[in-house]
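Here is how the chains run, residue by residue.
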Amino acid sequence: MAEALDRPVRVVVHMGFHKTGTTSAQSFLRRNGKHLWPLMALGLRQQLEPVLFATRAYSTWRDFLSLEKLRLRLTDYLAGLDLGRKRDLLLSSEELAGHMAGRAGLPDYSAVPEIAQVIEDCLLARFPEADITFFFSLRAPAAWMKSAWGEHVKSSRMTLDYDSFATANPAAANFAPIIEATQSRLRSPVQTAWLEEMADLPFGPATPLLDLMQVPAARRDRLDAARHMNPHRDPAVLDALLALNRSDMDDDALRAAKDRLLGR
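Rules of the game
Residues numbered from 1 in each chain as written. Predicted model: local features only at pLDDT ≥ 70, side-chain atom pairs only at ≥ 80, totals over all residues. Heavy atoms only, no water. Pairing = 2+ DSSP bridges. Helix = DSSP H or I, 4+ residues; strand = E, 2+ residues; numbered from the N terminus. Axes fitted to C-alpha atoms, helices over the stretch in contact; angles between N-to-C directions. Contact = heavy atoms within 4.5 Å. 1 Å grid on protein atoms, 1.4 Å probe; cavity = no way out; pocket = protein on both sides within 12 Å on 5 of 7 lines; lining within 4 Å. Points joined across faces, edges and corners; volume = space filled by probe spheres on them. Nonpolar A, V, L, I, M, F, W, Y, C, P; charged D, E, K, R; others polar. Salt bridge = Lys/Arg side-chain N within 4 Å of Asp/Glu carboxyl O. Buried < 20%, exposed > 50% of the residue type's maximum accessible area, 1.4 Å probe, protein only.

A. Representation of the sheet that holds strand S5 (residues 190–194) within the structure. Pairing in this open sheet of five strands is parallel, and the strands run S2-S3-S1-S4-S5 from one edge to the other. Whereas interior strands pair on both sides, the edge strands pair on one side only; in this sheet they are strand S2 (40–43) and S5. Taken over all neighbouring pairs, the strand axes of this sheet differ in orientation by 20° on average, direction set aside. Taken together, the five bridges between strand S4 (residues 131–138) and S5 define a ladder with parallel strand orientation. Considered in S5, the bridge of Phe134 is made with Val190. Running at roughly 140° to strand S3 (residues 88–92), helix H1 (residues 22–31) makes contact with strand S1 (10–14), S2, S3 and S4 of the sheet. Along the sheet, helix H5 (residues 112–126) makes contact with S1, S3 and S4, crossing S4 at roughly 150°.

Spelled out as structure tokens, the structure:
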């Protein structure tokens, strides 16, 4: 186990939401890891996968066991970190919030406050004097619903058309009560930013993360530009994917057909 540090550690936890520029932000962080490493450890999906199994499970089942798995796995991850004398910590994955809202049996993000509380408890147990900020990227509800539906159609056997999906999940993009409930459970501050306002920032959706981590201007001058990672799908392609989902193909055949359609 790494030794406890004798200084306050700055920690930013970017835990959602899906379809709000998170993929672009994380791609930026990975590309620029060599420049950011002297300042911070990066916990992205690859590093956090055991933790994310637990957050996804808890968002689905809301069971004590999944929450305890989250606590144990995050504790193990944090125990293995060696921040040295100068580095801080940035955790970024939309799956820290669990599965994306809108899938069967998951109409909203109401699991987030309890997940965030466990994350904060683990961080303070490892770094008792830590300066922690939870950050959520947001998106206008109508645009979020369209994007989320498209992702579900692409990545699952979603058979609902868009209008039916939106009707069935009216609270999926209602982020305000989730943020309010999360803040009420935490000792640490919660900050947010809208995707629509981040698009023109110097590093796109990664810009607020660099700000929260207090990355100096001299270091930012070395960073590669942001790239948009999830372009809008052609409506005709989404219609074709939906038709495939409604077919009687088995899972393997469906996956292969989708890969052909998407050029993968």
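B. View of the layout of surface pockets. Approximately 200 Å³ is the volume found for the second largest pocket. What lines the second largest pocket is simply Lys154, Ser155, Ser156, Arg157, Asp251, Leu254, Arg255, Lys258, Asp259 and Arg264. Looking at which element gives the most residues to the lining of the second largest pocket, the answer is helix H13 (residues 251–262), with five residues. Split by residue class, the lining of the second largest pocket holds one nonpolar, two polar and seven charged.

C. Spatial organisation of the environment of Met158. Position of Met158 among the secondary structure elements: in the loop between helix H6 (141–155) and helix H7 (162–168). Here the alpha-carbon distance between Met158 and Trp61, two residues 97 residues apart in the chain, equals 20 Å. Non-local contacts of Met158, meaning those with residues more than four positions away in its chain, are made with Gly102, Trp149, His152, Val153, Phe165, Leu242 and Asn245.

D. A look at unusual backbone geometry. For the peptide bond that leads from Gly16 to Phe17, omega is 0°, which places it in the cis range. By secondary structure assignment, the location of Phe17 is in the loop between S1 and H1. Here the phi dihedral of Lys19 falls at roughly 60°; this positive angle occurs in a residue that is not glycine. Take Lys19: it is sitting in the loop between S1 and H1.

E. View of the pattern of salt bridges. One pass over the full model with this rule turns up 14 salt bridges. Measuring nitrogen to oxygen at the nearest pair gives 2.3 Å for the salt bridge that ties Glu95 to Arg56. Of this pair, Glu95 sits in the loop between S3 and H5 while Arg56 sits in helix H3 (residues 45–61), and the two are 39 residues apart along the sequence. Considered together, Glu95 and Arg56 belong to a single accessibility category, that of buried residues.

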